[in-house]
Each structure stands twice: as structure tokens, then as C-alpha cells.
Amino acid sequence: MTTPRSPWRLFPWRSALALWLVLLVASGVWRMRQGPEPIPEGATRFELAAVTNSEGSGSVGKSKVALDVWESGLASGPTLLLLHGSPGHHGNFDAMLPHLEEAHRLLAVDLPGFGVSSKKLPDYSPRAHALYLADWLRSTDAAPLHVVGHSMGGAVALHLQDIAPESVASITFISSLGVQELELLGDPTLNKALHGVLLSFVSCVDYVVPHFGKLHSFPINVAHARNFFDDRQSELRPLLEKVPVPFLILHGTLDLQVPVDAAREHGRIVPQAVLHEFPARGHFIPWQEPERCAAFIQEFVSAAENGSAMDRAHATQKRLAASQIPFDPTSIPEVEGMALFTLMFLLALATLISEDLTCLLAGWLVSLGRLSFPHASLACFLGILVGDLMLYLLGRFAGRPALRRRPLSWFVKPESLDKASHWMQTRGARVIFLSRFTPGLRLPMYLLAGALHTRILSFTAYFALACAIWTPILVGLSAYFGRHLMPENGDIWASPWKVVPVFIGLWIVIRKLLLPACTWRGRRRLVGSFLRLRSFEFWHPVAIYGPIVPYMLWLSLRHRCLAPFSATNPGILGSGFAGESKGDILDGFGDDPRIPKYLRLQASLAPQVAMEQVLIWQAGLASPWPIAIKPDIGERGKGVFIVRTKDELQAALQSPGAPWIVQEFMTGPEFGVLFKRDPSTGQGEILSITTKHLPSVTGDGVHAIGDLVYLDSRAIAMADAHEQDLGNRWTEVPTRGEEVRLVDVGTHSRGAVFLDGQHLNSPALLHAIDDLSRAFLPKMSGEHGLQGMYLGRYDLKAPSERALSEGRDLVVIELNGITSEPTHIYDPIHGPFYGWRALANQWKHAYAIGAHNLQHGAQGMGLWALLRLWRKHA
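What counts and what doesn't
Residues numbered from 1 in each chain as written. Predicted model: local features only at pLDDT ≥ 70, side-chain atom pairs only at ≥ 80, totals over all residues. Heavy atoms only, no water. Helix = DSSP H or I, 4+ residues; strand = E, 2+ residues; numbered from the N terminus. Buried < 20%, exposed > 50% of the residue type's maximum accessible area, 1.4 Å probe, protein only. Contact = heavy atoms within 4.5 Å. Phe/Tyr/Trp six-rings, centres within 6.5 Å; stacked < 30°, edge-to-face > 60°. Lys NZ or Arg CZ within 6 Å of the ring centre and 35° of its normal. Salt bridge = Lys/Arg side-chain N within 4 Å of Asp/Glu carboxyl O. Pairing = 2+ DSSP bridges. Axes fitted to C-alpha atoms, helices over the stretch in contact; angles between N-to-C directions.

Student: Break down the side chain of N816 for me, citing the residues and quoting the values.
Tutor: By the element assignment, N816 lies in strand β19 (residues 811-816). Assessed through its relative accessible area of 13%, N816 is described here as buried. In this structure, N816 is in contact with K582, L791, G792, R793 and D795, ignoring residues within four places of it in sequence.

Student: Quick rundown of the packing of aromatic side chains? Include the residues and the values.
Tutor: Counted by the stated rule, this structure contains 18 aromatic pairs. For the pair F536 and W539, a centre-to-centre distance of 5.3 Å together with 65° between the ring planes defines the contact as edge-to-face. Judged by relative accessible area, which is 3%, F536 ranks as buried. Residue classification places W539 among the partly exposed positions, given a relative accessible area of 24%. Ring plane angle 20° and centroid distance 6.1 Å describe the contact between Y551 and W554, whose orientation is recorded as stacked. In this pair, Y551 and W554 are both assigned in helix α24 (residues 548-559), three residues apart and thus about one turn of the helix distant. In this structure, K192 packs its charged tip against the face of F229, placed 4.4 Å from the ring centre. Lying across the ring of F278, R292 places its NZ or CZ 4.5 Å from the centre.

Student: Summarise the pattern of salt bridges; cite the residues concerned and give the values.
Tutor: Following the criterion strictly, the structure yields 37 salt bridges and no others. A salt bridge links D795 to K692; the nearest nitrogen and oxygen atoms lie 3.1 Å apart. Linking D795 in strand β18 (residues 791-797) with K692 in strand β14 (residues 684-693), this pair joins segments that are 103 residues apart in sequence. According to the relative accessible area criterion, D795 is buried, its value standing at 7%. Residue class for K692 comes out buried when judged on its relative accessible area of 8%.

Student: Explain the sheet that holds strand β12 (residues 660-664) residue by residue, including any values.
Tutor: Sheet strands associate in pairs through backbone hydrogen bonding, adopting either a parallel or an antiparallel arrangement. Ordered in space as β9-β12-β10-β11, the four strands form an open sheet in which the pairing is antiparallel. Each edge of the open sheet is held by one strand with a lone partner, namely β9 (598-601) and β11 (641-643). Across this sheet, the average inter-strand angle for adjacent strands is 25°, counted without regard to direction. Pairing geometry for strand β10 (residues 627-631) and β12, over five bridges, is antiparallel. Note that in β12 the partner of I627 across the bridge is E664. Across the sheet, helix α26 (residues 607-618) is in contact with β9, β10 and β12; its angle to β9 comes to roughly 165°.

Right, here's the structure in full:
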């Protein structure tokens, strides 16, 4: 039976990619070859110096920017300058022009970046637009002007009055944005972040879609996004609070983009302002109510011309006093209309980057009063729902083989995929529900659900239910903590040292505590995490060696050499600091019978050739199976396998790119003996003896091996390592009384138990280890007479503890250099201070021996050379 090929493989990806690249290049070339837009009929084009920095009075560059102006109406009448919004163009006022032309001179413009004016600008902010207008006005006879601004155009009008006050006779706001507090989230930092998300999305589409300039005509384009991202809307309130000229405000009560509360706040802080609200009208009243808008403007301009319009200097005391009252942030209403839609859309979009962080942000907005709890939860729910469906469809379309290849393999670990696959096979589609509460399994599970063609209705139902439970909880917790942490004045940045760390901590608690606590296995893993924190034997190497580094620096000063320890073992590269070859070290013992037989495999060998060499080598062994396979350069048991069959051998040899050591497997208990020999006296000393025990669990006929690990009081602390070593056996159910060994190698980082074996020390053992060290004669020893090994740890086996103590029948598995540890410190009876003392003692000897060897002709390595060696090894 022929297995159907994955749609991923059937689709002509290379042809599609080639076609996309050709179209993208063609679109880019076409856009670069496009000159400036032709001057439209009836327009006058002005070439202005490009504004490169709109701060303060601005600065300009050498390039030019086109500004197109349309003039109409009565040439001798008062001049009205009509400024459109974003996105927009001069035609937005066409419906009003017939009602104004008879008595006014009208100047409508396409602001730079919009309409047919120049599209590529260094600065798209409203202040930059005002600087362009001020530059243009200096070359015309149009001043003084009655400036009418719609939406973003109102902000341009304010900046123009600030930059060129002699050019502005009055200002009319039509549905204009203004104070920052009533825009979107009400906070400049958060609003900047939201506009940044929009700009990133639009810019990405603009660059990766071959559109030949067609996207520039869409309402939401790069110019629109840049306009709001470059805007410093927090500057508008100070400008409104000092604007001196007559002021008219026209605003719809159902405006979805700029809430009517913003217009009312403008009317409060501008004491001379006249506010007219348009009931049941939205943001676009210039073409919804053109005649009424024109009538109000005409009346207002006439009053401004004859001096009867109120300016700030003649405002009433009552309104002046009201304008001085500080704004109350707690009075900000929830967003609604288009602002609500935009905010919910951006939150849903942000869940594609980080679901949990977005839910926390949404809860924060609820605590600020910007967003209702149902709206926040719904936005996050929909975003997560769409994202999960996208993962499902990607897995379904790509197929399981594609999940193991780049680029998908960058995001999904093979072991996570295998674990998810096993869950799907043993527990069915309900694991999709459980994966929502299992950290690290969500992504592979959803991709695999698609790859295995799980019924989409079942998939959607399960993850929608899980998401409907999880999302409100997360948003609600964030809102709860936000309300209790929010400053009384509502300023979220008044005490960021208090608010921000708590939300970061909340996210960590949710990820590391709350999610795992939802399941029994998660709670057991929390127990394991607690054990790892409590017990020194499980601490991270950074915590173990951190206190040793200052002591090593002091030793460097004492010996007046940064790295004398590099000469401690002259026969080992870098004395065994990093990157030393296990094969070279074993070669240094020659044909010593205390070294098990081994075979060195070069990195360049193909797996099949390596397999043949191993099988030939095995023929000379008394017991060909099992055998040990390990990287020639490695540490902490990484990559070590105990291989028992040809199939296991073939699988182990599939990892290319590094040399391997294949070694005869020796039975018996394993020990670690740290030894040092004083080169001046030749006297040896055993610094540490460790007995190594391989942990196991006993089956009860009910629980799987993984659950038995979770139930074990020590193994739970190494659950991740055991799960990785056991592979598919993790879910096997052993029979009652069956003993299951959890690890095959005596490596602490993979779960072996290390106990203090100092009671086994004896003169006989010291003599045996000293004899081994003197027998170590590697090629690197040189002609300085410093032979043998001076500081290192032997990992060896003996028939019993008694045999070890008597120094007989020892078999050396490995010899490790100066970075080998006195591993008896990992006995649970020892604490951190004992361990640090033992490590400090080891490095004291390493420095002293190395300094002596350097004085007697040994060649060391500089610190930078050692660091390069360590980096290459890492």
C-alpha cells in the first residue's frame, strides 16, 4: 500500500518561492523607477525642504518634498486653509466647498505623505506637517488664515499656530484629535506601543507583498501608520491650554475614532472655544453634514474677522477658572466605537506573539478602566482561537515530516513532538484540552493535531473550551492585581518600580506555578523544582561555581599569573580545562590492562562505515554486548549511550559532525576518585571518593514509569533528565515488582546518585591511583620531564567497595582533568558551604601545581586561549 504524500511535498514550493521573488523584485524596481506624481489639474505644487527633525522649530535636509495646493472661492474673501485627516486628502472637503466658496478664499492641500504629495518623508508627524505649511506660507500672501482641521488636521493646525502664530487668525476643529488621555489607551507609552505594532504589521506587508504601489491607496497604509507613530500627541494638551486665537469645535456624538469626551475636554481647557455637537453623527461630519458644518464655520469666521469672536484674552473668568482645573485621569471612560475595535484588534494580534503577556496587558487595561472585562477577555480569546487554528492548519497542510525539517524544526523540538504524538495516540483529542495547561506542549500538540488530521470540529471544540476557561482567569487576575497596585491619580508610570515588577512577577507565577498546578503531574514537578532549589546537589553550575570565581581571581593575583592551572597536567590539552580528547587521554595509558578496550571513530565517517568498523572491533571482545558510546569531546555524560543491540547502535551513530569513542562495557559498581600529586615531592593524595548508584523505580502494575518517577521522592527532581533518557518507555506500565533502572551511566546530571565514599580511602587505594597516574605518558608531555597526571578524577569500576579500598581489579573508564569535580560534594548530606570549600581546595592545588610546572619548563596557555578553547567546546 502506497502512503499518500503530504500536501507540503506536493505543493511546488520552489516554483512558488521563485515566482514570489521575481514579482517582489519587479515590484521594487517599478516603485524605485516611479518619479513624483504628476501635478493634478487645478493644483499648484510647491517644492519644500524635507523636515528631518520636527522637535522644536525643526531642522531640514537637502532633499525636497512636494506640497500640492488647490485654490478656489472668492479671492478677496477671508482665507480658509483646509487640512485633511489621516488617512485623507484634499478631496475630503469637496462636499463643503460649494457652501463656502461664495464668501471665502479656500486653500485645500494634500499634506506630505498623503494624496498626490510626496510619499517618502523622514518625519510624518503633525508637527512636521505644520513646519511644511509654515515654510510654504512664508512664500505666499495667504496669511492670516482661518485654519480648519479635520481629525489629524486639527493637530497640524495647533502646531502651525505654535510655529507661525502671525499666520493663524482662528482654528476650527472638526472631529479633531487632541488630548492624549482620551486617545486609545490614554497613555503615550502604551499608545506608542500599539501604533508600533500597527506600523510593524503594515510595513511588513508593504515590503513582502509585491503590490506595485497599489497598497499605498489603501486607507490603512504606511503613511497613516507612520503619521500616528511619529506623532507626539502628549504635546497637544499644552498647546490647547495656551492657544490664544478664537476656537471652534464641531464634533459628532457618535464619533468612533475620537470620542466626544475629547471634544468636551478641548472645550474646557480652551476657555474661548465654541463647541457644537452633532447628535447621532460620527467622525466624518464634513461629508455627512456639509451644509451645517459650513454654516457654523462661516458664522465663526465672520465673527473672527469683525472682532466679535472671543479669544483667550477675553474669555470669561468662570471659563478661565474651569480651564485651570487639573485633568482627573480616573474620569477617563472606557474606549468605545472605532477605538474599541482598534484596541481589540491589536490585542488579538498581539496574542500571536505572546498569549500570556497579552492577557496580562488586557487585564491591566481593565484595571485602568480603559477596557471592560468582557471586551478584554473576548479580544484575547479570539486572538488565541485564530492563532491556534493557524497552527492546526499549518500542521495539517505541512504534514508531520515537515515538522521535523527547517524552519518548523526551529520552533518544535523532536522530543516535544514525540511526546505530543504519544499523548494523541493514548488519550485522544482530549489532550488538546489538557495541553492548554501544560507548559511547552501547546505548540507541538496543535501542529501535530493538524498533521494527524484530527477532526477540525473536535479540535476547535476542545481548545475553544480550554481557552474560554483559561483566558478570563488570566485577564481577571491581572485586572485584580492592577486595581490594587494602581496609583490613586491613575498615572501608571508614577511609580513604575512598583507596578511593572509586580506584573512581571505575576506572569512568572502564572507560567511557573499556576499553569503547572492545574494538573497532578504539574504539581509533582513543582515539588521537584522545590527539591532542586533546596538541595545543593541539584543547583545550577552558575550557583555552584559563582562563589569560586572570585577565589580563582585571588589565586591568579597571588601566583601573578592569570591561568597557571593550564600547566597542571602538561600531557592534557589545557590541563583538561575544556575541549580535551577522551581518546587522546586513553591513548596516554598505552596498552595498560586497566583500560577497557576502545575504538576511536572519526567525525568524517559515514554512519554505515562507522557501523561496520564497530562490528569488526566487537568481534575481538569477550562480551560484545552491551557497549558504551560517547563523544570524544564531552562532559557531564552528554551524548553517552549504553547500546545493547545493533538497532540501538545504528541509531546512536546517526549523529554526524563529531568524533566518537566506542568502549567495552564493564560491569560492577562505579566510583569517582579525585587525585592530586605534588610535583615537588612526588607525594600523592586522594581528595575525593564518590560511590555512584544508578536509581531505579519498582513497578506496581498500575502506574507508568513516568508516574513512578513522579511518585519517587528523589527521582522527581530529575524528571526531565529521566524522561529524556527513557524516551517511549516513559509511558510503559511495568509489572508488579519489576525493577526499572532510570539511567545507565554514572552521571549526576542525568540522575545518578552520588554518595560520599571517603571511608573507602586507604594506603592501598592511594598506591593504585598513584601508579595509574605515573603510567599516564601522553605525547604532549614534552621534554621537560613532567610526566604523568597531577590533578584529575578517575571514573573507574571495581568488583566491590572492598576491592576499591584494597586497590585491586580497578578498571578506568575515563580520566578527567582540572575541571573534574570532587563529586562527593553532591551527597545529600553535604550543603553548599561544604561543597564550596572542597571546590576551593581543588583549585588551590590546581593553581599551585600549575605554577610549579610552569617554573620547571611546562608550557601553559594564556587566559584568552583557554576562553577560546572553552567557547569552541561549548
